[in-house]
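Architecture at a glance
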Amino acid sequence: MKRLRGPRRTDQIWKGGLGAKPAWVSHLALVGQVGFAVQMALAAGTAGRAGAFLRVGIGAEPMALGGAMTAASRTVYAASFNPAALVSLSGPQFGSSYALLSLDRKLSFVGFAAAVGTAGKGKLEEASHPRPPAAVGLAWIHAGVGEIDGRDLDGRHTATLSSSENAFLFAFALKPHRLVALGLTGKVFYSRFPGVKEDGGALSSQGFGVDLGMFIEPGRGFAVGLCAENLNAHYTWNTQGVWEHGSSKTDYFPRGLRLGLACHAFDQRALALAQIEKREDSALAWAAGLQWAMGEEFLFRAGIRRNRPALGLGVRQPLWGRDFRLEYAFFAEPESPQPAHWVGWRVDFGRRQTGLP
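Residues numbered from 1 in each chain as written. Predicted model: local features only at pLDDT ≥ 70, side-chain atom pairs only at ≥ 80, totals over all residues. Heavy atoms only, no water.

1. Section: the overall build of the chain
When helices and strands are counted, the chain shows three helices and 17 strands. Counting across all 357 residues of the chain, residues that qualify as buried make up 50%. Carbon and sulfur atoms make up 61% of the accessible area of the chain, which totals about 15900 Å². (Helix = DSSP H or I, 4+ residues; strand = E, 2+ residues; numbered from the N terminus. Buried < 20%, exposed > 50% of the residue type's maximum accessible area, 1.4 Å probe, protein only. Areas by Shrake-Rupley, 256 points an atom, 1.4 Å probe, with all protein chains shown as cover.)

The structure is reproduced here in structure tokens:
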């Protein structure tokens, strides 16, 4: 359980313009400015900006590969990393992951994606490597902190608090050219702090944002991905039910631009990924990942992200004509007292493929 105590001077917490505050509300300031920053402190560089939970990283597969997924193909996680890459799916795919994190944090992902339409009438241009003309994806990312020990300025326990953030993703990809695909993800945000209003209700906020992506395959086994994320993404808060003179405030997510490369080798049993990204108020960052398929059953992964190592393992098993996978990832979080462990499950409902992320 995390214990949060307030400073003696309340002007260190409230920065003006919020009006008179009730005596009990000190724990709310600590949740909003300290507790929630601790929740996603590992999103270094922009941890104080809105939407930090989206910068932590999602999924056992992506985390094991260092999160360098902008150019990765045939994965449901493309709905989050680069919507244009969804066109590479050979059939419907379901994926889910859950993170075992320190500091009472929760982070999970559930997603489904599928190709829609056909590649046209008659013979395909490349019968050995068919591509659908379009694809759609849906995903839900949930993050939260529980068991926050709220205390007043005198150190007395006031309440056990929690917080949660959610992103609902709606992705669409279209392939207007045999080498180039374009994609868009609409993201609906919902954040909630229960039990902090004067009447005991929850303080909540909603928002919306857009990601734009491009996916290029100039040659067999090689791909380039580009994604602009969090365009106009924001939260809008209304605190009139929290303190006497509440106000409305908009918090914008930091926009970012990512460029990724992917290369398959050794009959697609080996995969190399590399990525660079630049976000507002943050230095240029890079990430990389490697994967090797051992036979038809095992996928070994290693990556590096924010100069910290990641390792992972995937186990594949055909069942009822489908490709089932169990995934695990280990990541040494730089700001966390303990490493993060991810577990995941994925099902491919299309034809089975070899050595792909």
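Alright, that's what it looks like, and here's the rest.
2. Points about the packing of aromatic side chains
Applying the stated criterion across every chain yields a total of 12 aromatic pairs. Centre to centre, the rings of Trp 320 and Phe 324 are 6.3 Å apart; their planes meet at 75°, and the pair counts as edge-to-face. Residue class for Phe 324 comes out buried when judged on its relative accessible area of 18%. Clustering of aromatic rings is evident, with ring pairs tying together Phe 189, Phe 193, Tyr 235, Trp 237 and Phe 253. (Phe/Tyr/Trp six-rings, centres within 6.5 Å; stacked < 30°, edge-to-face > 60°.)

3. Things to note about a nonpolar patch on the surface
Where nonpolar side chains cluster on the molecular surface, the patch consists of Phe 266, Trp 292, Met 294, Phe 298, Phe 300, Leu 313, Val 315, Leu 326 and Trp 345 and spans about 870 Å² of accessible area. Breaking the nonpolar patch down by element, the ones donating at least two residues are strand E13 (285-294), strand E14 (298-305) and strand E15 (308-319). Within the element layout of this structure, Leu 326 appears in strand E16 (residues 322-331). By relative accessible area, Leu 326 is classed as exposed at 54%. (Patch = residues over 30% accessible without salt bridge, like charges linked within 9 Å, V, L, I, M, F, W, Y side chains within 5 Å. Salt bridge = Lys/Arg side-chain N within 4 Å of Asp/Glu carboxyl O.)

4. Observations concerning the environment of Ala 272
Mapped onto the elements, Ala 272 comes out in strand E12 (residues 270-279). Here the alpha-carbon distance between Ala 272 and Leu 290, two residues 18 residues apart in the chain, equals 4.7 Å.

5. Description of unusual backbone geometry
Phi angles above zero are rare outside glycine, and Asp 104 is one such case at about 60°. Mapped onto the elements of the fold, Asp 104 is located in the loop between strand E2 (93-100) and strand E3 (105-116). The residue Phe 266 is not glycine, and still its phi comes out positive at about 55°. Mapped onto the elements of the fold, Phe 266 is located in the loop between strand E11 (256-265) and E12. Taking the relative accessible area as the measure of exposure, Phe 266 reaches 62% and is therefore exposed.

6. Focus on the pattern of salt bridges
Within the structure shown, the criterion is met by 17 salt bridges. The partner of Glu 61 in a salt bridge is Arg 346, and the shortest N-O contact between them spans 2.7 Å. Residue Glu 61 is found in helix H2 (residues 60-64), and its partner Arg 346 is found in strand E17 (residues 340-348); the two are separated by 285 residues along the sequence. The two residues Glu 61 and Arg 346 agree in class, both being buried. Note that Arg 105 is salt-bridged to Glu 333, the shortest N-O span being 3.1 Å.

7. Digging into the pairing of E15
Direction of pairing for E14 relative to E15: antiparallel, over a ladder of eight bridges. From the neighbouring strand, Ile 304 faces E15, where its bridge partner is Pro 309. Between the end of E14 and the start of E15, which pair antiparallel, lie two residues, with Arg 306 showing a positive phi angle near 50°. Pairing geometry for E15 and E16, over 10 bridges, is antiparallel. Looking at E16, one finds that Gly 312 is bridged to Ala 329. Here E15 folds back onto E16 in antiparallel fashion, the turn holding two residues, of which Trp 320 has a positive phi close to 55°. (Pairing = 2+ DSSP bridges.)

8. Comments concerning the environment of Gly 213
Along the chain, Gly 213 falls in strand E7 (residues 203-219). Look at Gly 213 and you get buried, because its relative accessible area is 10%. With 40 residues separating them in the primary sequence, Gly 213 and Ala 173 have C-alpha atoms 8.6 Å apart. Contacts of Gly 213, omitting those with residues within four sequence positions, involve Asn 82, Pro 83, Ala 84, Ala 181, Leu 182, Gly 183, Leu 226 and Cys 227. (Contact = heavy atoms within 4.5 Å.)

9. A few points about the nonpolar core
Core analysis: the largest hydrophobic core is formed by 54 residues, its most contacted members being Leu 86, Leu 107, Phe 109, Ile 141, Tyr 235, Leu 273 and Trp 342. The contacts of Ile 141, once residues within four sequence positions are left out, are Phe 53, Leu 54, Ile 58, Ser 80, Leu 107, Ser 108, Phe 109, Glu 165, Asn 166, Ala 167 and Leu 169. (Core = buried A, V, L, I, M, F, W, Y, C linked by side-chain atoms within 4.5 Å.)

10. Let's talk about the confidence of the model for the chain
Averaged over every residue, the pLDDT of the chain is 81; the share at 70 or more is 77%. Confidence, expressed as mean pLDDT per element, reaches its minimum in the chain at helix H1 (residues 26-39) with 42 and its maximum at strand E8 (residues 222-231) with 97. Taken as a whole, residues 1-44 scores under 50 in pLDDT and shows 107 contacts with residues more than four places along the chain or in a different chain. In this model residues 119-127 is a low-confidence stretch, pLDDT under 50, and it forms six contacts with partners more than four residues away in sequence or in other chains. (pLDDT = per-residue confidence, 0-100.)

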